[in-house]
Amino acid sequence: FTSLRLGGSAEELGAKMGDKEFDIGVVGGSGYTGSLVLDYINEKYPDLKVVATSRRAESLKNALKERKINAQVLPLDAADTSSVDNVVSKCKVIIACAGPFSECGFVIADSCVRHHTDYVDITGEPSFMKKLQTLSEKAEKDGVLVVPACGVDCIPSDLLTFAAARTLKSRFQQKLQSAGVIYGVNFSVSGGSLRTFIGSVSDPESETALQDAFCLNSPDDPLKPPGTKPSPSEKDVLYMQFDDAFHVWRIPNPLCFANSRVVRRSASLFSAKEDSMYSPNFIYTESGYTKSWSTALATSAGFIGLLVGFVVLKVFPSLKLYVLRKLPAVGSAVRSDIAHPYGRLVVKGQGDGGAQIETSMVFGDGYKATAVLVTESAMCLLKDRPQLPYQGGVLTTATAFGEILLNKLQSASDEIVFRITG
């Protein structure tokens, strides 16, 4: 594995970051999630120096004034490198909320590495996360942390699996051999998320990432490098299957495609350490779930229909452009009539000696939860930088923040509730 550089004094880190004007820069401040991030920062961390960006800077400035959000506004267009560098160079940490990340995310992360600015985002795109790994060598060398997927995809899966591994090691002195996960959600989807989803059609890199269960693992992984054929229990769930351990029907859930690849990358990075909490042959399975046979059947049929729709959009690019034009605007939710939005994730972990542990997370609206998750991830970089296990590289939330973020989230907001049993 590529070595991840440890340590670095607070003085050395401070010198690299420099005396920057802003603590946090929120890229995509006019978007649906970006607006929620600014609300959360303003409520919980009002003393931070914050800048929000948008291609429509004046419109965002007026909106923040109406909402009484204490943040400056700067224009940023991902197609204009100079405007990106102007913002990034002034910030200690960037929270990137503007997608599709496959189109506009890399230039932001690349600028962060060049300007010694730490980076977190809310992507759920495995192909983009794979591309970010090309920045790893320089990020490690220059002491910059790049941590994608800090929202409801993929922190709940990654951090709860980490919590299961940590608990197995501390209580039973066992390594995590396998983790079975069910993830149920019921909340609105924003216009930006839909555009990212539809926009991935016909993208060869996205197709490759979705077909490769280990696409984010290190090429040097001795057991499961990218391209490894998954075992039957590691395959993505594409149709209804009954799970005897959970006593539920497993069903497809688009979030799980990204989640599973991120968790496997965490295990791949951790297993390279002598004191790893993960077994070298760690097995991970994740899907949606329901207790209803009829709902499982309907969901499976709907997912197959979705895949067929993707094929049609790939064959007819003009139809794809038409669909994109008809989608809700960026910054809007598709539905606002969901009375009780929620997300629930349960991890059943088993140690290499047979011990079992269960961890779970429950949250309300997914976008509000994402605002909490990504902001608290940024706070790990801003306030706990010297205590983090690694001081540079392209990492996952479990490997970059681990215990520190887990502790923050347990008291961060009523929006998120953790449990560990076993």
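Residues numbered from 1 in each chain as written. Predicted model: local features only at pLDDT ≥ 70, side-chain atom pairs only at ≥ 80, totals over all residues. Heavy atoms only, no water.

On the surface, Ile304, Val308, Val311, Val312, Val315, Phe316, Leu319 and Tyr322 cluster together into a nonpolar patch covering about 700 Å² of accessible area. With 5 residues, the top contributor of residues to the nonpolar patch is helix 12 (residues 293-315). With respect to the helices, strands and loops of the structure, Tyr322 is situated in helix 13 (residues 317-326). A residue is classified by how much of its surface remains accessible, and Tyr322, at 42% relative accessible area, is partly exposed. (Patch = residues over 30% accessible without salt bridge, like charges linked within 9 Å, V, L, I, M, F, W, Y side chains within 5 Å. Areas by Shrake-Rupley, 256 points an atom, 1.4 Å probe, with all protein chains shown as cover. Salt bridge = Lys/Arg side-chain N within 4 Å of Asp/Glu carboxyl O. Helix = DSSP H or I, 4+ residues; strand = E, 2+ residues; numbered from the N terminus. Buried < 20%, exposed > 50% of the residue type's maximum accessible area, 1.4 Å probe, protein only.)

Of all hydrophobic cores here, the largest spans 101 residues; its most connected members are Ile24, Ile94, Tyr119 and Phe401. Looking at this core element by element, the count peaks at 11 residues for helix 14 (residues 366-383). Core analysis: the next-biggest nonpolar cluster, separate from the first, contains 8 residues, Met129, Ala149, Cys154 and Cys215 among them. (Core = buried A, V, L, I, M, F, W, Y, C linked by side-chain atoms within 4.5 Å.)

Another aspect to go through is the packing of helix 2 (residues 32-44) against helix 14. Two elements in contact, helix 2 and helix 14, have axes whose closest approach is 8 Å; the angle formed by their N-to-C orientations is 60 degrees. On the basis of the axis angle, helix 2 is oblique to helix 14. Here helix 2 and helix 14 pass one another in a crossing that is right-handed. In this structure, helix 2 contributes Tyr32, Thr33, Leu36, Val37, Tyr40, Ile41 and Lys44 to the contact, and helix 14 contributes Tyr367, Lys368, Thr370, Ala371, Val372, Val374, Thr375 and Glu376. The residue inventory of the contact of helix 2 with helix 14, partitioned by class, reads 9 nonpolar, 3 polar and 3 charged. (Axes fitted to C-alpha atoms, helices over the stretch in contact; angles between N-to-C directions. Parallel < 35°, antiparallel > 145°, perpendicular 65-115°, else oblique. Left-handed = near helix turned anticlockwise from the far one by under 90°. Contact = heavy atoms within 4.5 Å. Nonpolar A, V, L, I, M, F, W, Y, C, P; charged D, E, K, R; others polar.)

Turning next to empty space enclosed by the protein. Scanning all chains against the criterion turns up 5 cavities of 30 Å³ or more. Considering the residues around the largest cavity, the lining is formed by Phe214, Asn217, Asp221, Lys224, Glu234, Arg264, Ala267, Ser268, Ser271, Ser279, Pro280 and Phe282. For the lining of the largest cavity, the secondary-structure elements that each account for two or more residues are helix 11 (255-270) and strand 10 (278-290). Residue classes in the lining of the largest cavity are distributed as 4 nonpolar, 4 polar and 4 charged. In this structure, the second largest cavity encloses a volume near 80 Å³. Looking at the second largest cavity, the residues that line it are Met129, Gln133, Pro148, Ala149, Asp158, Leu216, Val262, Arg265, Val394, Leu395, Thr396 and Thr397. Residue composition of the lining of the second largest cavity, by class: 7 nonpolar, 3 polar and 2 charged. (1 Å grid on protein atoms, 1.4 Å probe; cavity = no way out; pocket = protein on both sides within 12 Å on 5 of 7 lines; lining within 4 Å. Points joined across faces, edges and corners; volume = space filled by probe spheres on them.)

In space, the 7 strands of this open sheet follow the order 8-9-10-7-11-12-14, with mixed pairing throughout. Two strands in the sheet have a free side with no partner beyond their single neighbour: strand 8 (241-243) and strand 14 (416-421). Mean inter-strand twist for the sheet, computed between neighbouring axes without regard to direction, equals 30 degrees. Direction of pairing for strand 11 (residues 342-351) relative to strand 12 (residues 356-363): antiparallel, over a ladder of 8 bridges. Counted as the bridge partner of Val346 is Ser360 from strand 12. Along the sheet, helix 11 makes contact with strand 7 (176-186) and strand 10, crossing strand 10 at roughly 165 degrees. (Pairing = 2+ DSSP bridges.)

Our next topic: the packing of aromatic side chains. Counted according to the given criterion, the structure contains 10 aromatic pairs. Judged by centre distance (5.4 Å) and plane angle (85 degrees), the ring pair of Tyr278 and Phe282 falls under edge-to-face. For the pair Tyr278 and Phe282, one class covers both residues: buried. Here a set of aromatic residues connected by ring pairs shows up, and it is made of Phe162, Phe270, Tyr278, Phe282 and Tyr284. Stacked on the ring of Phe246, the Lys or Arg Lys348 has its end atom at 5.2 Å from the ring centre. (Phe/Tyr/Trp six-rings, centres within 6.5 Å; stacked < 30°, edge-to-face > 60°. Lys NZ or Arg CZ within 6 Å of the ring centre and 35° of its normal.)

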